[in-house]
Amino acid sequence: QYRAQAQFKVRRLDPKIEGLNYGLLGSFQYERSERFFISKDLDSFALVRGSGSDDRYIRTNLDPFVSYENAKGHRITSNWRYMNIFRKGNGSDPNAVSHQIMANNQYQYKWKNMLIITTGVPFTVGLSSSNLYPGFNTNFNVALYAQGEFDYKFLSFQAGLRYEVSGVDSVIEKGRPIFRSGINLKAGRATFFRVSLGQGYSV
């Protein structure tokens, strides 16, 4: 097997708007790998190559981003990714391709290093065709979350809430809001007490 890869990164600090920067990252990779069975015949050709496969992939990632932060404690970030994976077929083996768009959009507010409020809307959308299954398939996942952090002298407190919806083709699954929180109390120079409560998904 062998691989060849190229990467690039471009970032610009806006000269007119202080705290604003944006750019683009990317990578391109070509990969070729072979898999095979060395047992063609157990009696007389045990160490001769039998059946095998020759896989060729082209992977492309493009990651645009933008970020803005000001002196009043406001920060907005938006990170995106377009990912493409192409597998070249061989003869009766058809080509396979996967397109995926991912985004993480977040807003954060800081107040006097005591209070931090964070909200976000991440999502993923995919479209793919396989060499094993006919036609195109779609998938998506979108979430909404919010979290607050308070830190003052010997006491810190965190609490957050998240909600998700996922889908594959025509099947859509709506989750339930999940909650997490924690309290940290500094009782001494090297003594801390912490209480936390969290929820998760169960299948």
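In what follows, the structure referred to is the one given above.
Residues numbered from 1 in each chain as written. Predicted model: local features only at pLDDT ≥ 70, side-chain atom pairs only at ≥ 80, totals over all residues. Heavy atoms only, no water.

(A) Fine view of the pattern of salt bridges. Taken as a whole and assessed by the stated rule, the structure comprises five salt bridges. For the salt bridge of Arg3 with Glu31, the shortest nitrogen-to-oxygen distance reads 3.6 Å. You can see Arg3 sitting in strand β1 (residues 2-13) and its partner Glu31 sitting in strand β2 (residues 20-36), a full 28 residues away along the chain. (Salt bridge = Lys/Arg side-chain N within 4 Å of Asp/Glu carboxyl O. Helix = DSSP H or I, 4+ residues; strand = E, 2+ residues; numbered from the N terminus.)

(B) A look at the environment of Arg194. Take Arg194: it is sitting in strand β11 (residues 192-198). Taking the C-alpha atoms as reference points, Arg194 and Gln158, separated by 36 residues in sequence, lie 11 Å from one another. Sequence-distant contacts of Arg194, defined by excluding residues within four places in its chain, comprise Gln158, Gly182, Ile183 and Asn184. (Contact = heavy atoms within 4.5 Å.)

(C) Structural detail: the packing of aromatic side chains. What the rule picks out here adds up to three aromatic pairs. Relative to Phe123, the ring of Trp80 has its centre 5.4 Å away and its plane inclined at 80°; by these criteria the two rings are edge-to-face. Of the two residues, Trp80 sits in strand β4 (residues 74-88) while Phe123 sits in strand β6 (residues 115-129), which places them 43 residues apart along the sequence. Exposure remark for Trp80: the relative accessible area of 35% places this residue in the partly exposed category. One cation-aromatic arrangement involves Arg59 over Tyr57; the distance from NZ or CZ to the ring centre is 4.8 Å. (Phe/Tyr/Trp six-rings, centres within 6.5 Å; stacked < 30°, edge-to-face > 60°. Buried < 20%, exposed > 50% of the residue type's maximum accessible area, 1.4 Å probe, protein only. Lys NZ or Arg CZ within 6 Å of the ring centre and 35° of its normal.)

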